[in-house]
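Notes for the structure review
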Amino acid sequence: RNTYAKHENLWTRDGIGDVESARLEQRLQGVLQSPQFQAEIRSVPTRYTAACKLNMCRIESEFPPSADANDWLGRLMMDMGGGFGNSTVVALPDVDGAMKVVVFAYRPGRQPH
């Protein structure tokens, strides 16, 4: 939870996105909504949000109990290719067995402040 709080704080303080972050967010949304992406993964999140700011993108997804988020996460990172630099993934289990996965992905050449 400390890792989550640290990166959530960095996300909150990150600057408003520029033209390049808007392009990256559009690409990210395209990957997540792609029928091919959806067809190639075993566990589809029940909900997700994705947004990019000046230095980083934040992708939050929720998976039902017994779903395997690793397949979804691996495919996302592969499909985004060079769109991300360093990334931090935080898995937050819920009491009912569901899982929230949050990806804090830094734009290439950008680092957390």
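Residues numbered from 1 in each chain as written. Predicted model: local features only at pLDDT ≥ 70, side-chain atom pairs only at ≥ 80, totals over all residues. Heavy atoms only, no water.

A count of helical and extended segments in the chain gives four helices and four strands. Ordered by position from N to C terminus, the α and β elements of the chain give α-α-α-β-β-α-β-β. In terms of overall size, the chain behaves like a compact globule, its C-alpha atoms giving a radius of gyration of 14 Å where 113 residues would be expected to give roughly 13 Å. The principal-axis extents of the C-alpha atoms in the chain amount to approximately 35 × 35 × 20 Å. By residue count, 41% of the 113 residues in the chain fall in the buried class. Sequence-distant contacts in the chain: of pairs separated by 6 or more residues, those separated by 24 or more amount to 67%. (Helix = DSSP H or I, 4+ residues; strand = E, 2+ residues; numbered from the N terminus. Rg over C-alpha atoms; globule rule 2.2 N^0.38 Å. Buried < 20%, exposed > 50% of the residue type's maximum accessible area, 1.4 Å probe, protein only. Contact = heavy atoms within 4.5 Å.)

Before going further, it helps to examine the pattern of salt bridges. In total, this model carries ten salt bridges according to the counting rule given. Close ionic contact of arginine 75 with glutamate 40 constitutes a salt bridge, the shortest N to O distance being 2.6 Å. Of the two residues, arginine 75 sits in helix α4 (residues 69-80) while glutamate 40 sits in helix α3 (residues 35-40), which places them 35 residues apart along the sequence. Here lysine 100 makes a salt bridge to glutamate 60, at a shortest N to O gap of 3.9 Å. Taken together, the positions of lysine 100 in strand β4 (residues 99-106) and glutamate 60 in strand β2 (residues 56-63) put the pair 40 residues apart, joining distant regions of the chain. Residue lysine 100 is classed as partly exposed on the basis of its relative accessible area of 24%. Among the charged side chains, a network of salt bridges with common partners joins Glu8, Arg47, Arg58, Glu60, Glu62 and Lys100. (Salt bridge = Lys/Arg side-chain N within 4 Å of Asp/Glu carboxyl O.)

Applying the stated rule across the entire model yields two aromatic pairs. Seen from their ring centres, tyrosine 4 and phenylalanine 104 are 6.2 Å apart, and the 55° between their planes marks the pair as tilted. Here tyrosine 4 is found in helix α1 (residues 2-13), whereas its partner phenylalanine 104 is found in strand β4, with 100 residues between them in sequence. Neither tyrosine 4 nor phenylalanine 104 differs from the other in exposure class; each is buried. The ring of tryptophan 11 is capped by lysine 53, whose NZ or CZ atom sits 4.6 Å from the centre of that ring. (Phe/Tyr/Trp six-rings, centres within 6.5 Å; stacked < 30°, edge-to-face > 60°. Lys NZ or Arg CZ within 6 Å of the ring centre and 35° of its normal.)

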